[in-house]
Amino acid sequence: MAVVMLAAIPLQSFAQATENKKLLKQGTNIIVKTNQICNSSSGSPMFIGIVDADVYDQTGQSVLIQKGTQVKLYAEIKENGAPGKPGKIVINSASTTSVDGKTIPLTASFETQGKGKQGLAWGLGIGTGLVTLVGLCFLFIKGGNAEIPYGTAIPNVIVEGNHTISID
């Protein structure tokens, strides 16, 4: 009997160790808000957001990503241009950190663009360009800059892949 008990001790340790691991499933939605302004004219392709609500495991009992955790948002930025093309910001990926320090890759789907002035640029450029050559300068009118203000909620941010998170 003593031998059986000694043989069972490592199995108990293994069972306890697996109980502290929780699954963060692929497709889990994460609420993210921007923590700084991103502008298409002076913005960096990476800017910061925060997790706006705790992310729980499937049972709803264990927090896997805490509210307030930093999120790195990666954007493709296109500056505004002539003739009247607006600036554009497209966020397509992000990453954050779980409670055990693992980097969690995220997929995001958010796009914004500035005000287009293509009609104005082409109308004035061609319209006055027929009468005077100076009118062609209107083709150099740029569109508006795209901007994501502070505190903007980024919808459709989800976890890429399944992740095992250790809970203390």
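Cut-offs applied
Residues numbered from 1 in each chain as written. Predicted model: local features only at pLDDT ≥ 70, side-chain atom pairs only at ≥ 80, totals over all residues. Heavy atoms only, no water. Helix = DSSP H or I, 4+ residues; strand = E, 2+ residues; numbered from the N terminus. Buried < 20%, exposed > 50% of the residue type's maximum accessible area, 1.4 Å probe, protein only. Areas by Shrake-Rupley, 256 points an atom, 1.4 Å probe, with all protein chains shown as cover. Salt bridge = Lys/Arg side-chain N within 4 Å of Asp/Glu carboxyl O. Core = buried A, V, L, I, M, F, W, Y, C linked by side-chain atoms within 4.5 Å. Contact = heavy atoms within 4.5 Å. Pairing = 2+ DSSP bridges.

Draft legend 1. Representation of the overall build of the chain within the structure. When its secondary structure is counted, the chain shows 2 helices and 13 strands. By the burial criterion, 33% of the 168 residues in the chain qualify as buried. Per element, the accessible surface of the chain, about 10000 Å² overall, is 57% carbon and sulfur.

Draft legend 2. Just the pattern of salt bridges, in detail. In this structure the tally under the stated criterion is 4 salt bridges. One salt bridge in this structure joins K102 and D100, with 4.0 Å as the shortest N-O distance. On the accessibility criterion, D100 (28% relative accessible area) is partly exposed.

Draft legend 3. Region of the structure containing the nonpolar core. Core analysis: the largest hydrophobic core is formed by 26 residues, its most contacted members being L24, I30, L73, I91 and L106. Those elements giving two or more residues to this core turn out to be β4 (46-51), β6 (63-65), β7 (70-78), β8 (88-97) and β9 (103-113). The greatest single-element share of this core, amounting to 4 residues, is contributed by β9. In this view, I91 contacts F47, L73, Y74, A75, A108, S109, F110, I148 and I154; residues no more than four positions away in its chain are not counted.

Draft legend 4. View of the environment of E76. Along the chain, E76 falls in strand β7. Setting aside residues up to four positions removed in sequence, E76 forms contacts with K88, I89 and V90.

Draft legend 5. How the structure looks around the environment of S42. Along the polypeptide, S42 turns up in the loop between β3 (38-39) and β4. The exposure class assigned to S42 is exposed, which follows from its relative accessible area of 63%. Put simply, S42 and I77 are 35 residues apart on the chain and 9.6 Å apart in space, counted from C-alpha to C-alpha.

Draft legend 6. Broad picture of the sheet that holds strand β2 (residues 32-34). Taken together, 7 strands build an open sheet; the order of strands is β11-β2-β4-β7-β8-β9-β12 and the sheet is antiparallel. Looking at which strands have only one partner, the edges of the open sheet turn out to be β11 (153-154) and β12 (158-159). Note: β2 against β4, 3 bridges, orientation antiparallel. The partner of T34 across the bridge, within β4, is G49.

Draft legend 7. Here's a closer look at the side chain of T112. Within the element layout of this structure, T112 appears in strand β9. Dropping the residues within four chain positions of it, T112 is found in contact with G87, K88, I89, A146, E147 and I148.

Draft legend 8. Here's a closer look at the side chain of S62. Relative to the assigned elements, S62 resides in the loop between β5 (55-56) and β6. Ignoring sequence-local partners within four residues, the contact set of S62 consists of K22, V55, Y56, D57 and I167.

Draft legend 9. Representation of the pairing of β7. As judged from the 5 bridges shared by β4 and β7, these two strands associate in the antiparallel manner. Across the sheet, residue I48 finds its bridge partner in β7, namely K72. Summarising the sheet, β7 and β8 pair through 7 bridges and their orientation is antiparallel. The residue of β8 that forms the bridge with K72 is S95.

The values are spatial; any link to function lies outside them.
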